[in-house]
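Summary of the model geometry
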Amino acid sequence: MSDLIRRDDAIYKFSHLDMQVYEGSTCVGIRTCLTKEEIIYAIDDIPTAEPERKNGKWSNYKDEHCCSVCKCVVISDCWNDEIRYDYCPYCGADMRGE
Ligand SMILES: [Zn+2]
């Protein structure tokens, strides 16, 4: 399952990532470019956020299953295989109380 991060936390993290450049033990400047590895490390270092979820239920809409919160229709192949989402893949509503 994917983790969620807050946009404000990501902006704060990246706006404070100026990298000091050293020659020996002397700081000679600030580097503002990041490598791919530094970006991945920075994103991984941002704390995860637990979203507030609405409770919803699956309802039928024209032979499809529809989220009661966002009204999005979920593709029928998932239902034919009896795979039921615990959360709406579009809005994240919790469907487990159904
Ligand atoms: Zn939804």
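Residues numbered from 1 in each chain as written. Predicted model: local features only at pLDDT ≥ 70, side-chain atom pairs only at ≥ 80, totals over all residues.

Brief notes about the overall build of the chain
For the chain, the helix and strand inventory stands at 3 helices and 5 strands. Each helix (α) and strand (β) of the chain, taken in turn from the N terminus, gives the series α-β-β-α-β-β-β-α. Counting every position in the chain, which comprises 98 residues, the buried fraction comes to 4%. The long-range fraction of contacts in the chain, counting pairs at least 24 apart against all pairs at least 6 apart in sequence, stands at 42%. (Helix = DSSP H or I, 4+ residues; strand = E, 2+ residues; numbered from the N terminus. Buried ≥ 20, exposed ≤ 12 C-beta atoms within 10 Å, placed from the backbone. Contact = placed C-beta atoms within 7 Å.)

Thoughts on the pairing of strand β4 (residues 64-67)
Looking down a regular strand, the side chains alternate between one sheet face and the other. Of the strand pairs in this sheet, strand β3 (residues 58-61) and β4 are connected by 4 bridges, and their pairing is antiparallel. Across the sheet, serine 59 pairs through a bridge with cysteine 66, a residue of β4. Counting the residues in the hairpin turn of β3 and β4 gives 2 residues, including lysine 62, whose phi is positive at 50°. Summarising the sheet, β4 and strand β5 (residues 73-74) pair through 2 bridges and their orientation is antiparallel. Looking at the pairing, cysteine 66 lines up with valine 73 of β5. (Pairing = 2+ DSSP bridges.)

A short note on the environment of valine 73
Mapped onto the secondary structure, valine 73 falls in strand β5. Taking the C-beta count within 10 Å as the criterion, valine 73 has 14 such neighbours and is therefore assigned partly exposed. Taking the C-alpha atoms as reference, valine 73 lies 9.0 Å from asparagine 60; in sequence the two are 13 residues apart.

Overview of unusual backbone geometry
In this structure, lysine 71 takes a positive phi of about 70° despite not being glycine. Residue placement: lysine 71 occurs in the loop between β4 and β5. By C-beta crowding, lysine 71 is classed as exposed, having 12 other C-beta atoms within 10 Å.

So, the pairing of strand β2 (residues 26-31)
Among the 6 residues of β2, 0 are classified as buried, and the element is accordingly described as predominantly exposed. Pairing of strand β1 (residues 19-23) with β2 involves 5 bridges; the strand directions are antiparallel. What sits directly across from valine 21, in β2, is glycine 29. Joining the antiparallel neighbours β1 and β2 is a turn of 2 residues, in which glycine 24 adopts a positive phi near 70°.

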